[in-house]
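Residues per chain are reported as follows:
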Amino acid sequence: MISIKRILTLAMAGLLTACTSQISINDVLPQQELDRSIYLRGDFTLWDAEPQYQFKQVGPALYQAQVRFSTPGKVYEFKIADADFSEGFNCGYSDSQPSGQSLTLGQSTRADCSTIYNYFSYTPAIKGSYIVSIDFSDYDKPQVTITKR
């Protein structure tokens, strides 16, 4: 006959085994993959969709593009958009953001991907390469961040 102590030991072992199953970050974050290419489009590209400014997926729901700003103090204007500036893929600043269109280095801001005129702006303090990221973890409220490379 099996003792109560033995039953409890087996039950605890089963619970511990269940708790140690591996969970990856992909199980927690949504797998938001875009069905089209998106580009960093701005005054530095004459607003064209150029291949060197195409965003690349670097993680679940996270896309990045690199840009070189060569004039410190100049206001650069840009959007994140597909080749046709399609609704839902035409991302500029959200009117709900108190900071407006201006991005601050290292701080994320909410984007609106159905806007027509709301472009972002950034004024670099020093020339160099920058990374523009857009995070679609919450597809209805994507976040845009600019960082120095």
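Our subject is the structure listed above.
In this text, all values refer to a predicted model and were calculated from it rather than measured experimentally.

> Talk me through the pattern of salt bridges; I want residue IDs and the actual numbers.
Across all of its chains, the model carries three salt bridges by this definition. Where Arg36 meets Asp35, a salt bridge forms, and the shortest distance between an N and an O atom there is 3.0 Å. What makes Arg36 partly exposed here is its relative accessible area of 33%. Each member of the salt-bridge network shares a partner with another, and the members are Asp35, Arg36 and Asp82.

> With reference to specific residues and values, describe the packing of aromatic side chains.
Within the structure shown, the criterion is met by 12 aromatic pairs. On the numbers, 6.1 Å between centres and 35° between planes, the contact of Phe69 with Tyr122 is tilted. Here the residue Phe69 occupies a position in strand E3 (residues 62–69), and Tyr122 occupies one in strand E7 (residues 120–122), the gap between them amounting to 53 residues. Residue classification places Phe69 among the buried positions, given a relative accessible area of 0%. Residue classification places Tyr122 among the buried residues on the basis of a relative accessible area of 5%. Among the aromatic residues, ring-to-ring pairing joins Phe44, Tyr53, Phe69, Tyr76, Phe78, Phe120, Tyr122 and Tyr130 into one connected group. Lying over the aromatic face of Phe89, Arg36 brings its terminal NZ or CZ to 3.8 Å of the ring centre.

> Residue-level account of the nonpolar core, with values.
Leu40, Phe55, Ile80, Val132 and Ile134 are the most contacted members of the largest nonpolar core, which has 27 residues in total. Elements represented by at least two residues in this core include exactly E3, strand E4 (76–81), strand E5 (90–93), E7, strand E8 (128–135) and strand E9 (143–148). In terms of residues, this core owes the most to one element, E3, which gives four residues. Once residues within four sequence positions are removed from consideration, Phe55 is found in contact with Ile38, Tyr39, Leu40, Tyr63, Gln64, Ala65, Ile80, Val132 and Ile134.

> Go over the state of the cysteines with me, naming the residues and quoting the values.
By the definition in use, this model includes one disulfide. Two residues share a disulfide in this structure: Cys91 and Cys113, whose sulfurs sit 2.0 Å from each other. Its S-S torsion of approximately 100° makes the covalent link between Cys91 and Cys113 right-handed. Placement of Cys91 in strand E5 and of Cys113 in the loop between strand E6 (109–112) and E7 is noted, with a sequence separation of 22 residues between them. Cys113 shares its class with Cys91; the two are buried.

> Mind laying out unusual backbone geometry, listing which residues take part and the relevant values?
Notably, Trp47 is not glycine yet its phi reads approximately 70°, a positive angle. Counting through the fold element by element, Trp47 comes out in the loop between strand E1 (39–42) and strand E2 (56–59). A positive phi angle, near 55°, is found at Phe85, a position not held by glycine. Within the element layout of this structure, Phe85 appears in the loop between E4 and E5.

What counts and what doesn't
Residues numbered from 1 in each chain as written. Predicted model: local features only at pLDDT ≥ 70, side-chain atom pairs only at ≥ 80, totals over all residues. Heavy atoms only, no water. Salt bridge = Lys/Arg side-chain N within 4 Å of Asp/Glu carboxyl O. Buried < 20%, exposed > 50% of the residue type's maximum accessible area, 1.4 Å probe, protein only. Phe/Tyr/Trp six-rings, centres within 6.5 Å; stacked < 30°, edge-to-face > 60°. Helix = DSSP H or I, 4+ residues; strand = E, 2+ residues; numbered from the N terminus. Lys NZ or Arg CZ within 6 Å of the ring centre and 35° of its normal. Core = buried A, V, L, I, M, F, W, Y, C linked by side-chain atoms within 4.5 Å. Contact = heavy atoms within 4.5 Å. Disulfide = S-S within 2.5 Å.

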